[in-house]
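# Examining the three-dimensional arrangement
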Amino acid sequence: MADTPRWSDADRRAETVRLRHSGKDFQEIADELGFPDRAAAAAAFADALHDADHLEPAVRHQAESHSLDELQDAIWQKALDGDLDAIETVVRLSERRSRLHGLDAPARLEVALAPLDAVSVTSAELEELLALGDDPLM
(Lines give C-alpha, C1' and ligand atoms only; values in the text may rest on other atoms or scores of the structure.)
Protein backbone atom coordinates (compact mmCIF):
# COMPACT_ATOMS: atom_id res chain seq x y z
CA MET A 1 0.00 0.00 0.00
CA ALA A 2 1.53 3.29 -1.05
CA ASP A 3 -0.08 5.43 1.66
CA THR A 4 0.88 3.09 4.54
CA PRO A 5 3.36 4.68 6.93
CA ARG A 6 6.81 3.06 7.15
CA TRP A 7 7.00 0.97 10.33
CA SER A 8 10.04 -0.49 12.00
CA ASP A 9 9.66 -4.25 12.43
CA ALA A 10 9.35 -3.90 16.22
CA ASP A 11 6.77 -1.11 15.97
CA ARG A 12 4.76 -3.01 13.38
CA ARG A 13 4.69 -6.14 15.57
CA ALA A 14 3.68 -4.08 18.60
CA GLU A 15 0.92 -2.39 16.61
CA THR A 16 -0.22 -5.81 15.36
CA VAL A 17 -0.64 -6.98 18.96
CA ARG A 18 -2.40 -3.75 19.94
CA LEU A 19 -4.85 -4.00 17.05
CA ARG A 20 -5.50 -7.67 17.68
CA HIS A 21 -6.06 -6.96 21.36
CA SER A 22 -8.57 -4.27 20.36
CA GLY A 23 -10.59 -6.93 18.51
CA LYS A 24 -9.55 -6.46 14.90
CA ASP A 25 -9.23 -9.58 12.75
CA PHE A 26 -6.11 -10.36 10.77
CA GLN A 27 -7.52 -9.06 7.48
CA GLU A 28 -8.26 -5.68 9.07
CA ILE A 29 -4.77 -5.62 10.57
CA ALA A 30 -3.23 -6.55 7.20
CA ASP A 31 -5.15 -3.73 5.50
CA GLU A 32 -4.25 -1.17 8.13
CA LEU A 33 -0.57 -2.04 8.49
CA GLY A 34 0.18 -2.90 4.87
CA PHE A 35 0.71 -6.64 5.16
CA PRO A 36 0.21 -8.45 1.86
CA ASP A 37 -2.54 -10.64 3.32
CA ARG A 38 -4.12 -11.87 6.54
CA ALA A 39 -1.64 -14.77 6.80
CA ALA A 40 1.26 -12.31 6.93
CA ALA A 41 -0.52 -10.33 9.65
CA ALA A 42 -1.14 -13.53 11.60
CA ALA A 43 2.52 -14.51 11.23
CA ALA A 44 3.63 -11.08 12.49
CA PHE A 45 1.26 -11.48 15.42
CA ALA A 46 2.69 -14.93 16.23
CA ASP A 47 6.22 -13.53 16.04
CA ALA A 48 5.26 -10.69 18.36
CA LEU A 49 3.81 -13.13 20.87
CA HIS A 50 6.89 -15.30 20.65
CA ASP A 51 8.99 -12.27 21.61
CA ALA A 52 6.38 -10.95 24.03
CA ASP A 53 7.94 -11.55 27.43
CA HIS A 54 7.36 -7.84 28.06
CA LEU A 55 3.59 -8.08 27.54
CA GLU A 56 1.25 -8.49 30.47
CA PRO A 57 0.11 -12.09 30.97
CA ALA A 58 -3.55 -11.09 30.49
CA VAL A 59 -2.71 -9.58 27.09
CA ARG A 60 -0.77 -12.67 26.02
CA HIS A 61 -3.60 -14.90 27.27
CA GLN A 62 -6.24 -12.97 25.33
CA ALA A 63 -4.06 -12.80 22.24
CA GLU A 64 -3.46 -16.54 22.31
CA SER A 65 -7.18 -17.12 22.73
CA HIS A 66 -7.91 -14.92 19.69
CA SER A 67 -5.30 -16.80 17.67
CA LEU A 68 -6.93 -20.12 18.49
CA ASP A 69 -10.30 -18.68 17.45
CA GLU A 70 -8.90 -17.50 14.11
CA LEU A 71 -7.28 -20.85 13.41
CA GLN A 72 -10.47 -22.72 14.24
CA ASP A 73 -12.56 -20.35 12.11
CA ALA A 74 -10.23 -20.98 9.17
CA ILE A 75 -10.64 -24.76 9.28
CA TRP A 76 -14.14 -25.15 10.76
CA GLN A 77 -16.04 -25.68 7.50
CA LYS A 78 -13.61 -28.39 6.35
CA ALA A 79 -14.14 -30.18 9.66
CA LEU A 80 -17.91 -29.94 9.28
CA ASP A 81 -17.58 -31.34 5.77
CA GLY A 82 -15.90 -34.43 7.21
CA ASP A 83 -12.22 -33.77 6.48
CA LEU A 84 -10.54 -36.02 9.06
CA ASP A 85 -7.34 -33.94 9.22
CA ALA A 86 -9.42 -30.82 9.83
CA ILE A 87 -11.43 -32.60 12.52
CA GLU A 88 -8.22 -33.67 14.25
CA THR A 89 -6.91 -30.10 14.07
CA VAL A 90 -10.13 -28.70 15.55
CA VAL A 91 -9.94 -31.21 18.39
CA ARG A 92 -6.32 -30.23 19.11
CA LEU A 93 -7.26 -26.54 19.04
CA SER A 94 -10.13 -27.25 21.42
CA GLU A 95 -7.81 -29.13 23.78
CA ARG A 96 -5.34 -26.24 23.70
CA ARG A 97 -8.14 -23.75 24.38
CA SER A 98 -9.33 -25.85 27.34
CA ARG A 99 -5.82 -25.88 28.84
CA LEU A 100 -5.40 -22.14 28.21
CA HIS A 101 -8.63 -21.31 30.01
CA GLY A 102 -8.18 -23.88 32.77
CA LEU A 103 -11.25 -25.85 31.75
CA ASP A 104 -9.60 -29.20 32.28
CA ALA A 105 -9.93 -30.17 35.92
CA PRO A 106 -6.78 -31.65 37.37
CA ALA A 107 -6.89 -35.38 37.91
CA ARG A 108 -7.86 -36.21 41.45
CA LEU A 109 -5.95 -38.79 43.35
CA GLU A 110 -7.75 -40.26 46.30
CA VAL A 111 -5.66 -42.06 48.85
CA ALA A 112 -7.48 -44.33 51.22
CA LEU A 113 -5.55 -45.02 54.38
CA ALA A 114 -6.51 -47.48 57.01
CA PRO A 115 -7.24 -45.83 60.34
CA LEU A 116 -4.23 -45.70 62.61
CA ASP A 117 -4.52 -48.11 65.49
CA ALA A 118 -2.37 -46.63 68.23
CA VAL A 119 -2.15 -49.96 70.05
CA SER A 120 -0.56 -51.77 67.08
CA VAL A 121 2.03 -49.06 66.33
CA THR A 122 5.49 -49.99 67.51
CA SER A 123 7.59 -47.44 69.31
CA ALA A 124 9.97 -47.26 66.32
CA GLU A 125 7.04 -46.56 63.96
CA LEU A 126 5.70 -43.96 66.38
CA GLU A 127 9.10 -42.25 66.51
CA GLU A 128 9.21 -42.24 62.69
CA LEU A 129 5.70 -40.77 62.45
CA LEU A 130 6.45 -38.12 65.06
CA ALA A 131 9.61 -37.14 63.18
CA LEU A 132 7.42 -36.17 60.21
CA GLY A 133 6.22 -33.17 62.17
CA ASP A 134 2.57 -33.87 62.81
CA ASP A 135 1.38 -36.11 65.57
CA PRO A 136 -0.76 -38.72 63.75
CA LEU A 137 -2.56 -39.60 66.96
CA MET A 138 -4.02 -36.12 67.39
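The structure contained in this document is the topic of the report that follows.

## Some details on the overall build of the chain
Each helix and strand in the chain was counted, giving 6 helices and 0 strands. Listing each helix as α and each strand as β along the chain from the N terminus yields α-α-α-α-α-α. Burial status across the chain gives 25% buried among its 138 residues. The contacts of the chain with a sequence gap of at least 6 include a subset with a gap of at least 24, amounting to 41%.

## A look at the side chain of Arg 20
Residue placement: Arg 20 occurs in helix H1 (residues 9-21). Under the relative-accessibility criterion, Arg 20 is labelled buried at 4%. Only 2.8 Å separates the side chain of Arg 20 from the backbone oxygen of Lys 24, close enough to count as a polar contact. Beyond its immediate sequence surroundings of up to four residues, Arg 20 is in contact with Asp 25, Phe 26, Ile 29, Phe 45, His 66, Ser 67 and Glu 70.

## Here we look at helix H3 (residues 38-50)
One turn of an α-helix holds 3.6 residues; hence residues three or four places apart share an orientation. Here H3 is 13 residues long and its end C-alpha atoms lie 18 Å apart, about the 18 Å a rise of 1.5 Å per residue gives. For H3, the complete set of buried residues consists of Ala 41, Ala 44, Phe 45, Ala 48 and Leu 49. Relative to the axis of H3, the buried residues are bounded by an arc of 140° and lie together on one face. Of the exposed residues in H3, the ones pointing more than 90 degrees away from its buried face are Ala 39 and His 50.

## Description of the layout of surface pockets
Estimates place the volume of the largest pocket at around 180 Å³. Looking at the largest pocket, the residues that line it are Phe 26, Arg 38, Ala 39, Ala 42, Phe 45, Ala 46, Leu 49, Glu 64, Ser 67, Glu 70, Leu 71 and Ala 74. For the lining of the largest pocket, the secondary-structure elements that each account for two or more residues are H3 and helix H4 (57-80). Of the residues forming the lining of the largest pocket, the biggest block, 6 residues, is contributed by H3. Within the lining of the largest pocket, the residues separate by chemical class into 8 nonpolar, 1 polar and 3 charged.

## Here we look at the nonpolar core
Core analysis: the largest hydrophobic core is formed by 13 residues, its most contacted members being Phe 26, Ile 29, Leu 33, Phe 35, Ala 41 and Phe 45. Those elements giving two or more residues to this core turn out to be H1, helix H2 (26-33) and H3. When residues in this core are grouped by element, the largest group, 5 residues, is from H3. Non-local contacts of Ala 41, meaning those with residues more than four positions away in its chain, are made with Thr 16, Phe 26, Ile 29, Ala 30 and Phe 35.

## Looking at the packing of aromatic side chains
Under the counting rule described, the total for this entry stands at 1 aromatic pair. Its guanidinium or amino end placed over the ring of Phe 35, Arg 12 lies 3.8 Å from that ring's centre, counting from NZ or CZ.

## Concerning the side chain of Glu 15
You can see Glu 15 is positioned in helix H1. We classify Glu 15 as buried; its relative accessible area is 14%. Of the polar contacts made by the side chain of Glu 15, one reaches the side chain of Arg 18; its length is 2.5 Å. Here Glu 15 is in contact with Trp 7, Glu 32 and Leu 33, once residues within four sequence places are set aside.

## A word on H1
In this model, H1 (13 residues) spans 18 Å end to end at C-alpha, consistent with the 18 Å of a helix rising 1.5 Å per residue. Those residues of H1 lying buried are Glu 15, Thr 16, Val 17, Leu 19 and Arg 20. With its phi angle positive at about 105°, Gly 23 sits one or two positions after the end of H1.

Reading the values: the criteria
Residues numbered from 1 in each chain as written. Predicted model: local features only at pLDDT ≥ 70, side-chain atom pairs only at ≥ 80, totals over all residues. Heavy atoms only, no water. Helix = DSSP H or I, 4+ residues; strand = E, 2+ residues; numbered from the N terminus. Buried < 20%, exposed > 50% of the residue type's maximum accessible area, 1.4 Å probe, protein only. Contact = heavy atoms within 4.5 Å. Polar contact = N/O pair within 3.5 Å; in protein donor to acceptor, adjacent residues only side chain to side chain. Expected span 1.5 Å × (residues − 1). Arc of directions from axis to C-beta. 1 Å grid on protein atoms, 1.4 Å probe; cavity = no way out; pocket = protein on both sides within 12 Å on 5 of 7 lines; lining within 4 Å. Points joined across faces, edges and corners; volume = space filled by probe spheres on them. Nonpolar A, V, L, I, M, F, W, Y, C, P; charged D, E, K, R; others polar. Core = buried A, V, L, I, M, F, W, Y, C linked by side-chain atoms within 4.5 Å. Phe/Tyr/Trp six-rings, centres within 6.5 Å; stacked < 30°, edge-to-face > 60°. Lys NZ or Arg CZ within 6 Å of the ring centre and 35° of its normal.

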